[in-house]
Amino acid sequence: MTFAPILIIIVGLIFFVGAMVELDNNPGRFDRDFPVAIIVWIVAIFLSIGISIGMTIYFAIHASKNQHVAQSMRTAWVLINVFGGTIAHAIYFFMHVVPLKPGEQTTHYQHYS
């Protein structure tokens, strides 16, 4: 789910470019197919925005309540998630949401709490 906004935009872009190439080869279908391609692209953008906003809220709440991270780093992670977007979500996800297996070494942030 962390990479969903990026994947949705890529799929929407592939569909849009494919539709434009098809319309270039068959210009008689422009009036019917171009609005569909634009609508699919706009839906992909808004879906991506909605998922990204939801993940920002989720990761900000998770970062603020994560007891395995020092208080100063919690604040930093909240800000990084709010302003960093999907890349920050992915980094936080792999550093702090994916649970560690028993016996594995903890992240270096946990030693400061």
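The structure this text deals with has already been given above.
Residues numbered from 1 in each chain as written. Predicted model: local features only at pLDDT ≥ 70, side-chain atom pairs only at ≥ 80, totals over all residues. Heavy atoms only, no water.

### With respect to the overall build of the protein
Broken down by element type, the protein carries three helices and zero strands. By residue count, 31% of the 113 residues in the protein fall in the buried class. The contacts in the protein between residues at least 6 apart in sequence include a share of 59% that link residues at least 24 apart. Accessible surface, the protein as shown: approximately 7,500 Å² in total, 72% of it carbon and sulfur. (Helix = DSSP H or I, 4+ residues; strand = E, 2+ residues; numbered from the N terminus. Buried < 20%, exposed > 50% of the residue type's maximum accessible area, 1.4 Å probe, protein only. Contact = heavy atoms within 4.5 Å. Areas by Shrake-Rupley, 256 points an atom, 1.4 Å probe, with all protein chains shown as cover.)

### Considerations on the packing of aromatic side chains
Enumeration over the complete set of coordinates arrives at seven aromatic pairs. A ring pair is formed by Phe59 and Tyr92, whose centres lie 5.8 Å apart and whose planes are at 70°; its orientation type is edge-to-face. Of this pair, Phe59 sits in helix 2 (residues 30-65) while Tyr92 sits in helix 3 (residues 71-97), placing them 33 residues apart in sequence. Residue Phe59 shares its accessibility class with Tyr92, and that shared class is buried. Ring centres of Phe93 and Phe94 lie 5.1 Å apart, and the angle between their planes is 80°; this geometry places the pair in the edge-to-face category. Classification of Phe94 by relative accessible area gives exposed; the value is 53%. Put simply, the rings of Phe3, Tyr58, Phe59, Trp77, Tyr92, Phe93 and Phe94 touch in pairs and so form one group of aromatic residues. (Phe/Tyr/Trp six-rings, centres within 6.5 Å; stacked < 30°, edge-to-face > 60°.)

### Looking at the packing of helix 2 against helix 3
It is the contact of helix 2 with helix 3, at a shortest axis distance of 8 Å, that shows an interaxial angle of 90°. Between helix 2 and helix 3, the angle falls in the class roughly perpendicular. Within the contact between the two elements, helix 2 uses Ser52, Met55, Thr56, Tyr58, Phe59, Ala60, His62, Ala63 and Ser64 and helix 3 uses Arg74, Trp77, Val78, Asn81, Val82, Thr86, His89, Tyr92, Phe93, His96 and Val97. By residue class, the composition of the contact of helix 2 with helix 3 is eleven nonpolar, eight polar and one charged. (Axes fitted to C-alpha atoms, helices over the stretch in contact; angles between N-to-C directions. Parallel < 35°, antiparallel > 145°, perpendicular 65-115°, else oblique. Nonpolar A, V, L, I, M, F, W, Y, C, P; charged D, E, K, R; others polar.)

### Digging into helix 1 (residues 4-25)
Its 22 residues give helix 1 an end-to-end C-alpha distance of 31 Å, which sits within 8% of 32 Å, the value for a rise of 1.5 Å per residue. Looking only at helix 1, the buried set comprises Ala4, Pro5, Ile8, Gly12, Phe16, Ala19 and Leu23. One side of helix 1 holds all its buried residues, which, seen down the axis, span an arc of 100°. Those residues of helix 1 that are exposed and angled more than 90 degrees off the buried face are Leu7, Val11, Ile14, Asp24 and Asn25. Residues of helix 1 that are buried in the fold lie against helix 2 and helix 3. (Expected span 1.5 Å × (residues − 1). Arc of directions from axis to C-beta.)

### Observations concerning the nonpolar core
Residues Ala4, Ile8, Ala44, Ile51, Met55, Phe59, Ala63, Val69, Trp77, Tyr92 and Val97 constitute the largest nonpolar core, which totals eleven residues. Secondary structure elements with two or more residues in this core: helix 1, helix 2 and helix 3. For this core, the leading source of residues is helix 2, giving five residues. Filtering out sequence-adjacent residues up to four positions away, Val69 remains in contact with Arg74, Trp77 and His96. (Core = buried A, V, L, I, M, F, W, Y, C linked by side-chain atoms within 4.5 Å.)

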